[in-house]
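Examination of the molecular architecture
Chain by chain, the residues run as shown.
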Amino acid sequence: MEKAIRYLSWGLLSVCFFSPQVSALEKNHAAPGFELHGLDGSVKLARYQGKLIYLDFWASWCGPCRQSFPWMNEMQAKYGAQGLQVIGINLDVNAEDARQFLTVTPARFIIAFDPVGATPRSYGVKGMPSSFLIDPEGKILFEHIGFKETDRVHLENQIHTFLDAKK
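Residues numbered from 1 in each chain as written. Predicted model: local features only at pLDDT ≥ 70, side-chain atom pairs only at ≥ 80, totals over all residues. Heavy atoms only, no water.

**Re the overall build of the protein**
Quick note on the threshold: The helix count covers DSSP runs of H or I at least four residues long, the strand count covers runs of E at least two residues long, and both are numbered beginning at the N terminus. When accessible area is computed with a 1.4 Å probe and restricted to protein chains, residues below 20% of their type maximum are described as buried, those above 50% as exposed, and intermediate ones as partly exposed. Here, residues are in contact when the closest pair of their heavy atoms is within 4.5 Å. Accessibility throughout is a Shrake-Rupley quantity obtained with a 1.4 Å probe, and a residue counts as covered only by protein chains that appear here.
Helix and strand content of the protein: five helices and seven strands. For the protein, the α and β elements follow one another from N to C terminus as α-β-β-β-α-β-α-β-α-β-β-α. Across the 167 residues that make up the protein, the buried fraction comes to 50%. A sequence separation of at least 24 residues applies to 73% of the contacts in the protein between residues at least 6 apart. Only carbon and sulfur atoms are counted for the fraction: they give 56% of the accessible area of the protein, which is about 8,100 Å².

Pasting the structure below:
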């Protein structure tokens, strides 16, 4: 029953996230700033200015999120030294659900928590997972909704292209 109530709470929050009034950010617009509680303290977008940021919105109940985590770990390991920073923002109402997810599917990148959903609203998130690539000046380069195994190559090519352009 408690789990059902949490999912119902998410359902009510998702009406806010996915309402037609909210639109996704456009390419080359400034990424909205945020400061959230994270696994290792405060996570503030401005702190990562100068890096290429892969910002991912996820939840414990999201099946494709389970598939994306190993890929994001791989990207952080492969491109972190070249300036990539992966940041995952969890949207679970109950942080314990997120922590259980992370026990089974660990993250080797920065994790933040937004149980009230302010950040996904500011980004116009329309589905789960949703990711944004943000350039070193803080502008949106592209948005991607969902995650399938077939997305891996395309997304990595986007990251690689923008890192090469930064050189």
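There is more to say, and it comes next.
**A short note on the packing of aromatic side chains**
Within a pair of aromatic rings, the relevant descriptors are the distance that separates the centres and the angle that separates the planes. Our working rule: Each Phe, Tyr or Trp ring, with Trp reduced to its six-membered ring, pairs with another whose centre is within 6.5 Å; inter-plane angles below 30 degrees give stacked pairs, above 60 give edge-to-face pairs, and intermediate values give tilted ones.
The final tally for this structure, using the stated rule, is nine aromatic pairs. Where W71 meets F147, the ring centres are 5.7 Å apart and the plane angle is 45 degrees; that geometry is what we call tilted. Here F147 lies in the loop between β7 (140–145) and α5 (151–166) and W71 lies in helix α2 (residues 63–79), a separation of 76 residues in the sequence. Classification of W71 as buried rests on a relative accessible area of 1%. Grouping aromatic residues by their ring pairs yields a cluster made of W58, F69, F101 and F109.

**A short note on the side chain of D114**
Heads up, the condition is: When charges are tallied, Lys and Arg are placed among the positive residues and Asp and Glu among the negative ones, while His and the ends of the chain are skipped. Should a side-chain nitrogen of Lys or Arg be within 4 Å of a carboxyl oxygen of Asp or Glu, the pair is scored as a salt bridge. Here a polar contact is recorded for every N or O atom pair within 3.5 Å, except that within protein the pair must consist of a potential hydrogen donor and a potential acceptor, and residues adjacent in sequence are included only if both atoms are side-chain atoms.
Relative to the elements of secondary structure, D114 occurs in the loop between β5 (110–113) and α4 (118–123). Buried charged residue D114 carries no salt bridge. Nearest counter-charge: R121, at 6.6 Å. Polar contacts involving the side chain of D114 include one to the main-chain amide nitrogen of T119, which spans 2.6 Å. Once residues lying within four places of it in the same chain are set aside, the contact partners of D114 are L36, I89, N90, L91, T119 and P120.

**Re the environment of P70**
Tracing the backbone through its elements, the reader meets P70 in helix α2. For P70 and A107, which are 37 residues apart along the polypeptide, the C-alpha to C-alpha distance reads 7.8 Å.

**Details of the environment of F34**
Considering the arrangement of structural elements, one finds F34 in the loop between α1 (2–18) and β1 (35–38). What makes F34 buried here is its relative accessible area of 8%. For the pair F34 and K44, spaced 10 residues apart in sequence, the C-alpha separation works out to 5.6 Å.

**Overview of the side chain of S131**
Position of S131 among the secondary structure elements: in strand β6 (residues 130–134). Within polar-contact distance, the side chain of S131 engages the side chain of Y54 at 2.9 Å.

**Quick word on the environment of G138**
Among the secondary structure elements, G138 is positioned in the loop between β6 and β7. With 105 residues separating them in the primary sequence, G138 and G33 have C-alpha atoms 8.9 Å apart. Ignoring anything within four residues of it in the chain, the contact list for G138 reads H29, A30 and A31.

**Overview of the state of the cysteines**
We count it as follows: The disulfide criterion is simple: two cysteine sulfur atoms within 2.5 Å.
Taken as a whole and assessed by the stated rule, the structure comprises one disulfide. Across the disulfide from C62 sits C65; the S-S distance is 2.5 Å. Since a negative S-S torsion denotes a left-handed disulfide, the C62-C65 link at about 85 degrees is right-handed. Neither residue differs from the other here; C62 and C65 are each classed as buried.

**Describing the nonpolar core**
Applicable threshold: To form a nonpolar core, buried Ala, Val, Leu, Ile, Met, Phe, Trp, Tyr and Cys residues must be joined to one another through side-chain atoms within 4.5 Å.
In terms of nonpolar packing, the biggest core is built from 46 residues, with Y54, L55, L84, I89, Y123, I134 and I159 touching the most fellow members. Among the elements of the structure, β3 (52–58), α2, β4 (84–90), α3 (95–104), β5, β6, β7 and α5 are those that each provide at least two residues to this core. Those residues in contact with I89 that sit more than four places away from it in its chain are F34, L36, L55, D56, F57, W58, A112, D114 and T119.

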